[in-house]
Amino acid sequence: MLLRAYLLREYGGLLENRSFGGVQVSRTFYARGQTGQQLLIGAYQSLSRQISLGTVTMYNRHEMLDLVIVEGKARGIIARNLITGELQRYAGHAVVLATGGYGNVFYLSTNAMMCNVTAAWKSVKKGALMANPCFTQIHPTCIPVSGEYQSKLTLMSESLRNDGRVWVPKKKEDAEAIQKGKLKGVDLKEDDRDYFLERRYPAFGNLVPRDVASRAAKTECDKGHGVSPTGLAVYLDFSAAIERYGKIEANKQGLLEQTHDQIVEMGEKVISDKYGNLFEMYEKITGENPYQLPMKIYPAVHYTMGGIWVDYNLETNVPGLFALGECNFSDHGANRLGASALMQGLADGYFVIPYTIGTFLANEISTPKIKIDSPEFIEAENETKALIDRLLSINGNQSVESFHRRLGKIMWEYCGMARNESGLRKGRQQIRELREEYYKDVFVPGSNEEYNTELEKAIRVADLLEHGELMMLDALNRNESCGGHFREESATPEGEAMRKDDEFTYVAAWAWDINNPKLYKEPLTFENVELKTRSYK
């Protein structure tokens with residue numbers, strides 16, 4: 001993997017480590033602020049090698065639109081050629097999904113706009129179980145929303161909280177002045193700043209877990225102390241780190257008579273070496289120099305913790321259907337500490353599935369080649385064609401995008417960082433009404449026999465409208481606070497998340513039925529570790 005050339009090293013040559021949210025020790029290898037990108041490059045490099053060897057055939061511009069079940073086993077898929085619109089059948093002795101998460105159910109997320117739930121959801125509608133769908137990772141260090149018609153949010157690396165200090169103005173009137181552009185963050189003295197993470201969580205400070213940092217930021221903004229024109233942002237300030245590193249560099253070089261400006265210059269060089277690409281990206285997006293002005297950040301949907309249920313072999317409850325990476329629920333719960341999410345897809349692909357799928361295939365050694373002209377393939381293709389024809393024939397008055405945006409607002413309002421029973425019931429009903437309206441008044445221009453991005457989105461949003469309802473239902477069932485999901489009815493006197501391990505130590509796996517989804521509970525047992533609630537105070 002190419003990643004090895006980019007991992008940072010200490011002076012002695014050993015791999016460098018740094019901290020991430022939720023830990024007090026440096027335990028994470030990294031490649032500047034590009035760790036995720038380098039992991040992707042490594043994966044792409046390995047894939048390209050297999051393509052060049054002829055062991056893998058790529059089908060670019062194709063999208064899976066249904067799963068084909070033959071005699072109870074997953075035997076193929078129906079895919080749409082996105083250029084021509086042609087529906088194509090692909091058969092195999094097993095099907096492996098590695099299709100990412102469903103964060104775009106919230107419309108605004110850090111995910112690429114192409115990310116969707118369709119492949120996973122089509123599998124759920126063919127019998128696969130969807131586990132813990134309401135578990136969503138909210139990332140605290142994202143560039144805030146800037147306008148009503150923004151379609152995507154940008155993630156800033158979690159590594160920034162190693163050196164950045166999170167704060168808001170202590171006085172509401174100062175926050176209001178900043179929101180109106182009459183003040184800047186640098187204008188406020190130290191005594192007028194509330195470093196709320198350091199105040200509330202002295203043991204971990206700015207390195208509390210992502211869900212804790214996100215809720216704390218939301219709390220301050222809800223109180224009116226936000227620092228963006230929308231009021232939905234807090235500061236991530238590097239001025240103290242710049243000065244600290246500058247003094248260290250001056251001492252290293254024996255330059256003890258440096259001016260403040262010279263110290264700042266040396267400190268900025270250190271910060272640039274560590275986070276320069278991130279600072280450059282922030283400035284290009286916001287137009288503000290983060291070396292001179294504190295960054296503005298706000299929580300956003302990043303990684304989905306729920307997904308298709310799998311066993312330790314990564315096989316779903318549908319024989320022959322395997323799910324890898326973010327599209328499965330894997331072995332995690334309601335939240336991740338920093339950097340572990342980056343490795344899930346690689347671990348599943350490099351180290352698990354090559355050894356486990358063979359067990360299934362060994363029992364298929366006498367199974368002849370799967371034929372794509374079987375009744376099951378024909379039926380699945382006809383079902384897909386019927387959905388496409390239905391969407392194209394509605395000819396309503398509202399765009400697909402407008403429905404997606406409305407769905408996202410419902411999800412964020414009632415199934416986001418904070419949830420309660422009445423809101424979840426209201427949200428589920430609103431989604432059902434929105435879905436009914438969708439099939440009566442959506443407008444999908446063009447035809448199927450062409451490159452039609454609106455049709456692509458229409459199919460995905462149809463699936464998100466069903467999956468979003470299941471998320472509401474799952475969140476309603478889980479009447480506890482744990483990790484990234486916070487039930488307002490389940491909180492400590494200090495306003496922190498309160499788990500109910502005696503009631504909810506199980507995986508909630510759902511079988512979808514549009515009228516009556518069924519819940520299966522898989523108990524979680526801990527034999528070698530003791531289940532405890534951590535304190536970050």
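Owing to the predicted nature of the structure, the values given are computational and were not obtained by experimental measurement.

Points about the overall build of the chain
Right, so step 1: A tally of helices and strands in the chain yields 13 helices and 18 strands.
Right, so step 2: Looking at the chain alone, contacts between residues at least 24 apart form 69% of all its contacts between residues at least 6 apart.
Right, so step 3: In the form shown here, the chain has an accessible surface area of approximately 25,200 Å², with 52% of it arising from carbon and sulfur atoms.
Right, so step 4: In the chain, which carries 64 positive and 71 negative side-chain charges, the distance between the mean positions of the two groups comes to 1 Å.

So, the pairing of strand S3 (residues 87-91)
Right, so step 1: Pairing analysis gives 5 bridges linking strand S2 (residues 73-81) to S3, with the strands arranged antiparallel. By the bridge assignment, Gly 76 is partnered in S3 with Ala 91.
Right, so step 2: Linking two consecutive strands that pair antiparallel, namely S2 and S3, is a turn of 5 residues; a positive phi of about 85° is found at Gly 85 within it.

Thoughts on the confidence of the model for the chain
Right, so step 1: Considering every residue of the chain, the mean pLDDT works out to 92; 96% of them sit at 70 or more.
Right, so step 2: Taken as a whole, residues 1-5 scores under 50 in pLDDT and shows 10 contacts with residues more than four places along the chain or in a different chain.

Remarks on the nonpolar core
Side chains that are nonpolar tend, in soluble globular proteins, to be buried together.
Right, so step 1: Counting residues in each nonpolar core, the largest one holds 111 residues, and the members touching the most others are Leu 160, Phe 238, Leu 391, Met 411 and Tyr 438.
Right, so step 2: With 13 residues, helix H12 (residues 453-477) is the largest single contributor of residues to this core.
Right, so step 3: Both domain 1 (61-91 + 98-135 + 373-537) and domain 2 (148-301) contribute no fewer than three residues apiece to this core.
Right, so step 4: In this structure, Leu 188, Val 227, Ala 233 and Tyr 235 belong to the second largest nonpolar core, which totals 7 residues.

Let's talk about the pattern of salt bridges
Right, so step 1: Inspection of every chain in the model, using the stated rule, returns 41 salt bridges.
Right, so step 2: Two residues, Lys 440 and Glu 436, come together in a salt bridge whose shortest N-O distance is 3.2 Å. In this pair, Lys 440 and Glu 436 both sit in helix H11 (residues 421-441), 4 residues apart, roughly one turn of the helix.
Right, so step 3: Assessed through its relative accessible area of 58%, Lys 440 is described here as exposed.
Right, so step 4: Residue Lys 457 is joined to Glu 454 by a salt bridge in which the shortest nitrogen-to-oxygen separation is 2.9 Å. A residue pair is termed a helical-turn pair when its members lie 3 or 4 positions apart in one helix, as Lys 457 and Glu 454 do in helix H12 at 3 residues.
Right, so step 5: Salt bridges sharing partners connect three or more residues here, namely Asp 194, Arg 199, Glu 220 and Lys 223.

Remarks on the sheet that holds strand S11 (residues 307-308)
Right, so step 1: Spatial strand order, S11-S5-S17-S18: 4 strands in an open sheet with antiparallel pairing. For this open sheet the edge positions go to S11 and strand S18 (518-523), each flanked by a neighbour on one side alone.
Right, so step 2: Here 2 bridges tie strand S5 (residues 130-131) to strand S17 (residues 506-511), and the two strands are oriented antiparallel to one another. Across the sheet, residue Met 130 finds its bridge partner in S17, namely Trp 510.
Right, so step 3: On the sheet, H12 packs against S5, S17 and S18 and is oriented at approximately 145° with respect to S17.

Digging into helix H7 (residues 260-286)
Right, so step 1: Under the 1.5 Å per step criterion, the end-to-end length of H7 is only 27 Å for 27 residues, more than 12% shorter than the ideal 39 Å.
Right, so step 2: Its axis deflected by about 90° at Tyr 275, H7 carries its strongest bend there.
Right, so step 3: When H7 is considered as a whole, its buried residues turn out to be Ile 263, Met 266, Gly 267, Val 270, Ile 271, Tyr 275, Gly 276, Asn 277, Leu 278, Phe 279 and Tyr 282.
Right, so step 4: In this structure, the buried residues of H7 make contact with helix H6 (239-252) and strand S10 (295-304).
Right, so step 5: Following H7 by one or two positions, Gly 287 has its phi on the positive side, about 80°.

Here we look at the packing of H6 against H7
Right, so step 1: Contact pair H6 / H7: the axes reach a minimum separation of 7 Å and the direction vectors enclose 105°. When the axis of H6 is compared with that of H7, the two are roughly perpendicular. Mapping the contact onto sequence places Ala 241, Ile 242, Glu 243, Tyr 245, Gly 246, Lys 247, Glu 249 and Ala 250 in H6 and His 260, Ile 263, Val 264, Met 266, Gly 267, Glu 268, Val 270, Ile 271 and Lys 274 in H7.
Right, so step 2: Here the contact of H6 with H7 is built from residues that sort into 9 nonpolar, 3 polar and 5 charged.

Side note on the sheet that holds S10
Right, so step 1: Taken in spatial order, the 5 strands make up an open sheet running S6-S10-S9-S7-S8, and their pairing is antiparallel. Looking at strand neighbours, the two that pair on one side only are strand S6 (136-142) and strand S8 (193-194), the edges of this open sheet.
Right, so step 2: By the bridge criterion, 5 bridges tie S6 to S10 in an arrangement that is antiparallel. Looking at S10, one finds that Ile 138 is bridged to Val 301.

Topic: the packing of aromatic side chains
Right, so step 1: Across all of its chains, the model carries 15 aromatic pairs by this definition.
Right, so step 2: Taken together, a centroid distance of 4.7 Å and an interplanar angle of 45° make the contact between Phe 279 and Tyr 291 tilted. Of this pair, Phe 279 sits in helix H7 while Tyr 291 sits in the loop between H7 and S10; the two residues are 12 residues apart in sequence, bridging distant segments of the chain.
Right, so step 3: With a relative accessible area of 1%, Phe 279 lands in the buried category.
Right, so step 4: Under the relative-accessibility criterion, Tyr 291 is labelled partly exposed at 23%.
Right, so step 5: An aromatic cluster of three or more residues is present, and its members are Phe 238, Tyr 275, Phe 279 and Tyr 291.
Right, so step 6: Taking the ring centre of Tyr 195 as reference, the NZ or CZ of Arg 165 above it sits at 3.8 Å.

Some details on the environment of Phe 443
Right, so step 1: Position of Phe 443 among the secondary structure elements: in strand S15 (residues 442-443).
Right, so step 2: Linking Phe 443 and Asp 348, residues 95 residues apart in sequence, is a C-alpha distance of 40 Å.
Right, so step 3: Discounting chain neighbours no more than four positions away, the residues touching Phe 443 are Asn 395, Gly 396, Asn 397, Gln 398, Ser 399 and Val 400.

Calculation rules
Residues numbered from 1 in each chain as written. Predicted model: local features only at pLDDT ≥ 70, side-chain atom pairs only at ≥ 80, totals over all residues. Heavy atoms only, no water. Helix = DSSP H or I, 4+ residues; strand = E, 2+ residues; numbered from the N terminus. Contact = heavy atoms within 4.5 Å. Areas by Shrake-Rupley, 256 points an atom, 1.4 Å probe, with all protein chains shown as cover. Lys, Arg positive; Asp, Glu negative; His and termini not counted. Charge placed at Lys NZ, Arg CZ, Asp CG, Glu CD. Pairing = 2+ DSSP bridges. pLDDT = per-residue confidence, 0-100. Core = buried A, V, L, I, M, F, W, Y, C linked by side-chain atoms within 4.5 Å. Buried < 20%, exposed > 50% of the residue type's maximum accessible area, 1.4 Å probe, protein only. Domains from an automatic or database assignment. Salt bridge = Lys/Arg side-chain N within 4 Å of Asp/Glu carboxyl O. Axes fitted to C-alpha atoms, helices over the stretch in contact; angles between N-to-C directions. Expected span 1.5 Å × (residues − 1). Bend = angle between axes of the 7 residues up to and from the residue. Parallel < 35°, antiparallel > 145°, perpendicular 65-115°, else oblique. Nonpolar A, V, L, I, M, F, W, Y, C, P; charged D, E, K, R; others polar. Phe/Tyr/Trp six-rings, centres within 6.5 Å; stacked < 30°, edge-to-face > 60°. Lys NZ or Arg CZ within 6 Å of the ring centre and 35° of its normal.

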